[in-house]
Amino acid sequence: MKVAISTAGKNIDSLLDSRFGRCEYFQIHDSESKEVIVIENKGLTCSGGAGIAAAQQLIDENVDVVITGNLGPNAFKIIEKAEIKSYRCENISIQSVLEKFKNNELEEITLAGPAHNGMGH
């Protein structure tokens, strides 16, 4: 299973970034191979549609699960349509996020968060 986590950093001690579309990186942890890859979020540099770009990027990476703070309406629709499960977590270390996920302690995201409509920089 491939688990993508929105984050501000590249290692296991980095904190989860609650901003899905505007996080700096996604860490993708493969529970079977134990491989971890870190990709730069393409949505970060978008003037608009950051959540859409980020969601499509994770679909292209064939992830099974997304863990973040919130998903805006567009990202939520794309993730849901791709049958990717999404979970909400607070800004804690990636190590702690993975432990909570493994222990079924995360809340599934079943409704979209507020729209951000091109917040930009």
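One can find the structure itself at the top, above this paragraph.
Predicted model only: the values in this text are computed from it and were never measured.

Caption draft 1: Local environment of unusual backbone geometry. Notably, K34 is not glycine yet its phi reads approximately 70°, a positive angle. Residue placement: K34 occurs in the loop between strand 2 (25-30) and strand 3 (36-40). If you check the backbone angles, E83 has positive phi at about 60° while not being a glycine. Along the polypeptide, E83 turns up in the loop between helix 2 (73-81) and strand 5 (85-88).

Caption draft 2: Up close: the packing of aromatic side chains. Taken as a whole and assessed by the stated rule, the structure comprises two aromatic pairs. Judged by centre distance (5.4 Å) and plane angle (55°), the rings of F20 and F26 are tilted. Both residues of the pair, F20 and F26, belong to the buried class. The interplanar angle of 65° and the centroid separation of 5.6 Å between the aromatic rings of Y87 and F101 together place this pair among those described as edge-to-face. With Y87 in strand 5 and F101 in helix 3 (residues 94-102), this pair connects stretches of sequence that are 14 residues apart. For the pair formed by Y87 and F101, the shared burial category is buried.

Calculation criteria
Residues numbered from 1 in each chain as written. Predicted model: local features only at pLDDT ≥ 70, side-chain atom pairs only at ≥ 80, totals over all residues. Heavy atoms only, no water. Helix = DSSP H or I, 4+ residues; strand = E, 2+ residues; numbered from the N terminus. Phe/Tyr/Trp six-rings, centres within 6.5 Å; stacked < 30°, edge-to-face > 60°. Buried < 20%, exposed > 50% of the residue type's maximum accessible area, 1.4 Å probe, protein only.

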